Amino acid sequence: MEKIMHISLPIGKNNVLIANDVPEIMGRTNENENRSKIAVSTESREEADKVYNELSAGGAIEGSIGDSPRGSYGGMFRDKYGIEWIVEFDQNDNGPV
């Protein structure tokens, strides 16, 4: 079996491309569960709103943008091409680990 369990590829200062495969032993999956995700960390709430609103147009909202229980601000959606995006602003974030 040549699958990727999880990979995170830093893109720029605060952005990460996240990808994974779902092995067959985990049961039936659909195409949406086996896609890459793009995580964008913005420098302000206003930038997060702009990125979220513009890229989600014509797509499907999976998590409305707003404050999270852990103190960040963000949301998730699939764009009109089916790519999943995570947009987040965290004033306490020092960038990807």
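Basis of the calculations
- Residues numbered from 1 in each chain as written.
- Predicted model: local features only at pLDDT ≥ 70, side-chain atom pairs only at ≥ 80, totals over all residues.
- Heavy atoms only, no water.
- Helix = DSSP H or I, 4+ residues; strand = E, 2+ residues; numbered from the N terminus.
- Buried < 20%, exposed > 50% of the residue type's maximum accessible area, 1.4 Å probe, protein only.
- Contact = heavy atoms within 4.5 Å.
- Areas by Shrake-Rupley, 256 points an atom, 1.4 Å probe, with all protein chains shown as cover.
- Core = buried A, V, L, I, M, F, W, Y, C linked by side-chain atoms within 4.5 Å.

Caption draft 1: Just the overall build of the chain, in detail. In terms of helices and strands, the chain carries one helix and six strands. Going from N to C terminus, the chain has its helices and strands arranged as β-β-β-α-β-β-β. Sorting the 97 residues of the chain into buried and exposed places 31% on the buried side. Long-range pairs, those at least 24 residues apart, make up 30% of the contacts in the chain with a sequence separation of at least 6. Within the structure as shown, the chain displays about 6700 Å² of accessible surface, and the carbon and sulfur contribution to it stands at 52%.

Caption draft 2: Region of the structure containing the nonpolar core. Within the largest apolar cluster, nine residues are counted, these being V40, A48, V51, Y52, Y73, F77, W85, V87 and F89. Those elements that place two or more of their residues in this core are α1 (45-56), β5 (73-78) and β6 (84-89). Once you skip the residues sitting within four places of it in the chain, F77 turns out to touch Y52, L55, S56, A60, I61, E62, I83, E84, W85 and V87.

Caption draft 3: Up close: the environment of V40. For V40, the position within the fold is in strand β3 (residues 37-41). Among the residues examined, V40 registers a relative accessible area of 14% and is labelled buried. Put simply, V40 and E88 are 48 residues apart on the chain and 6.2 Å apart in space, counted from C-alpha to C-alpha.

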